[in-house]
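# Tertiary structure, described
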Amino acid sequence: MPLCVQDLLGPRAAELKLRVICGAEHLNRPIPEPAVNRPGLALTGFYRYFAHRRVQICGLAEMTYLKTLDATTRAERWRRLFAAGIPCLILARNLRTPPELLEAARARRTPVMRTELHTSRLAQSAARILDDLAAPCLRVQGTTVDLQGIGILLEGPPGIGKSEIALGLIARGCSLVADDVTELRRMSSGLIATSVEVTRYHMEIRGIGILHIPSLLGVSSVRREKRLDMVVRLVPADKSAEVDRIGLDPEMVEILGVAVPRITIPVAPGRDVTLVIQAAALNYRLRQLGHDAAKELDQHIIESLTRGGGRVND
Amino acid sequence: MSTTERKSSTTIGREAIREVVVKNPLGIHARPAALLVRTASAFRSEVTLEKGGQIVSAKSIMGVLTLAGHPGSKMRIRAEGPDAEKAVAAVADLFEKGFYE
């Protein structure tokens, strides 16, 4: 779904402090290109390569320049700017909106907004927020926890015990990010996992029902979002023929175009796998630091096997 | 949607789909969600609910709640597996009866 002007007024764009001056009924206008543009050149009358598909930002420079023009030319420049079909126009520094601007905006059903922010700050923040808002997003079925800074998505068939295992991890000091439904966004820093607003910080545990985790276990037991580092796939113990027994070739899965390591853990009824998951996460961190236990042991074995002309040392 | 591979080769049975409307006055709050999940979980098929492009497992309370099924909203029930048709019929029946509210 393409972004629309309304998204710039939502909670994720609150820091822009935008107020609508006109065109409140046209906030569903799409933003075809999630980027910003300062239309200085277009306002001088040069329209080639005008980035009309982006959010337009005007500051003191544009407005002061227009004041040097006569009223007819000024009105004409605004008319042509809006006629290009821009998504919306934002004025920085709470600058006054000249009537000819509003007239041109209304004629093209284009929203005009204002903010107290200075132009450079507004342009930077708006560009970043548009990037965030346009980031590819995917909702997956799985529970996400933060284990000492390592973001883990637990996935597996319904009833395998994702939430119960997560609860065990939280009791051992992890934080809950999302229970059962995890929203993933692809950002420049990687995949960011978060929960869906309506059920945030709640868990459902079979037999008990819905729990509010921060009330039960304290504020440190939850996190709003976390970068995803690994996926833990839980499979029924009887169907786990392909479980990795050595760990030489860590499996990778691609989510939204990002490769994420994945391990598969067999779960038998009643078996506590929280320690296994903790060990897997710490082992992942160890690998990041350059220590690969499986590789080092294998190296050691190969060395001892090849020493002395192929005879095994015992 | 899940990051696990689709095991289409091992899935026996068929697919059933039905469109429904939330009829009860409060929408799908906790109680109807629990009833829905309990009903869907009784079937072997994989049962999902879709609303506005979001797909969740109909066997997950949190999943069903995140759909925010307000009164009058449209949803699509989809089941895949050996008892797909029965599963869809049972879940659709709950919507039809307004979750007995």
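So, here's what we can say about the structure. Quick caveat: nothing in here was measured; it's all calculated off a predicted structure.

### Describing the overall build of chain A
Tallying secondary structure elements over chain A gives 9 helices and 19 strands in all. Whereas a compact globule of 314 residues would reach a radius of gyration of roughly 20 Å, chain A reaches 28 Å, over 25% beyond that. With respect to the principal axes defined by its C-alpha atoms, chain A has extents near 95 × 60 × 30 Å. Taken across its 314 residues, chain A has 47% of its residues classed as buried. Partitioning the contacts of chain A with sequence separation of at least 6, the portion at a separation of at least 24 is 68%. Summed over its atoms, the accessible surface of chain A is roughly 16,600 Å², and 52% of this surface lies on carbon and sulfur atoms. Distance between charge centres in chain A, computed from 42 positive and 34 negative side chains, equals 9 Å.

### Quick look at the overall build of chain B
When you go through chain B residue by residue, the secondary structure sums to 3 helices and 4 strands. Each helix and strand of chain B, ordered N terminal to C terminal, gives the series β-α-β-β-α-β-α. Looking at the 101 residues of chain B, the share that counts as buried comes to 47%. Surface exposure of chain B reaches about 5,400 Å², of which carbon and sulfur atoms provide 53%.

### What about the sheet that holds strand S9 (residues 143-147) of chain A?
Within a sheet, neighbouring strands are paired by backbone hydrogen bonds and run either parallel or antiparallel to one another. Residue and element names in this part refer to chain A. Spatially, the 6 strands line up as an open sheet ordered S11-S9-S10-S17-S19-S18, and their pairing is mixed. For this open sheet the edge positions go to strand S11 (175-178) and strand S18 (251-255), each flanked by a neighbour on one side alone. When strand polarity is set aside, the average angle formed by the axes of neighbouring strands in this sheet is 35 degrees. Note: S18 against strand S19 (residues 258-267), 5 bridges, orientation antiparallel. Along S19, the bridge assignment pairs Ile255 with Val258. Contacts between helix H6 (residues 162-171) and the sheet are confined to S9, strand S10 (150-155), S11 and strand S17 (230-236), with S9 contributing the most and set at about 15 degrees to the helix. On the sheet, helix H8 (residues 274-288) packs against S9, S10, S17 and S19 and is oriented at approximately 135 degrees with respect to S10.

### Considerations on the pattern of salt bridges
Residue and element names in this part refer to chain B. Taken as a whole, this structure holds 25 salt bridges over all chains when the rule is applied. Here Glu85 ties to Arg14 by a salt bridge, and the two come within 3.7 Å at their closest N and O atoms. Separated by 71 residues along the polypeptide, Glu85 in helix H3 (residues 84-96) and Arg14 in strand S1 (residues 14-21) bring together distant segments of the chain. Relative accessible area serves as the criterion here: at 44%, Glu85 is assigned to the partly exposed category. In this structure, Arg78 engages Glu80 in a salt bridge whose closest nitrogen and oxygen atoms are separated by 3.1 Å. Given the relative accessible area of 27%, Arg78 is considered partly exposed.

### So, the environment of Ile265(A)
All names here are of chain A. Take Ile265: it is sitting in strand S19. By relative accessible area, which is 4% here, Ile265 ends up buried. Each C-alpha atom of the pair Ile265 and Ala280 lies 9.7 Å from the other, and the pair is 15 residues apart in sequence. For Ile265, the contacting residues outside a window of four places in its chain are Val232, Arg233, Leu234, Val235, Val273, Val276 and Ile277.

### Details of unusual backbone geometry
Here the phi dihedral of Asn94(A) falls at roughly 50 degrees; this positive angle occurs in a residue that is not glycine. Here Asn94(A) lies in the loop between strand S6 (89-91) and helix H4 (99-107). Residues other than glycine seldom take positive phi values, yet Ala68(B) does so here, at roughly 50 degrees. Relative to the helices and strands, Ala68(B) resides in the loop between helix H2 (61-66) and strand S4 (74-81).

About the thresholds
- Residues numbered from 1 in each chain as written.
- Chains lettered and ligands numbered in written order.
- Predicted model: local features only at pLDDT ≥ 70, side-chain atom pairs only at ≥ 80, totals over all residues.
- Heavy atoms only, no water.
- Helix = DSSP H or I, 4+ residues; strand = E, 2+ residues; numbered from the N terminus.
- Rg over C-alpha atoms; globule rule 2.2 N^0.38 Å.
- Buried < 20%, exposed > 50% of the residue type's maximum accessible area, 1.4 Å probe, protein only.
- Contact = heavy atoms within 4.5 Å.
- Areas by Shrake-Rupley, 256 points an atom, 1.4 Å probe, with all protein chains shown as cover.
- Lys, Arg positive; Asp, Glu negative; His and termini not counted.
- Charge placed at Lys NZ, Arg CZ, Asp CG, Glu CD.
- Pairing = 2+ DSSP bridges.
- Axes fitted to C-alpha atoms, helices over the stretch in contact; angles between N-to-C directions.
- Salt bridge = Lys/Arg side-chain N within 4 Å of Asp/Glu carboxyl O.

Functional significance is not addressed by these values, which are geometric in nature.
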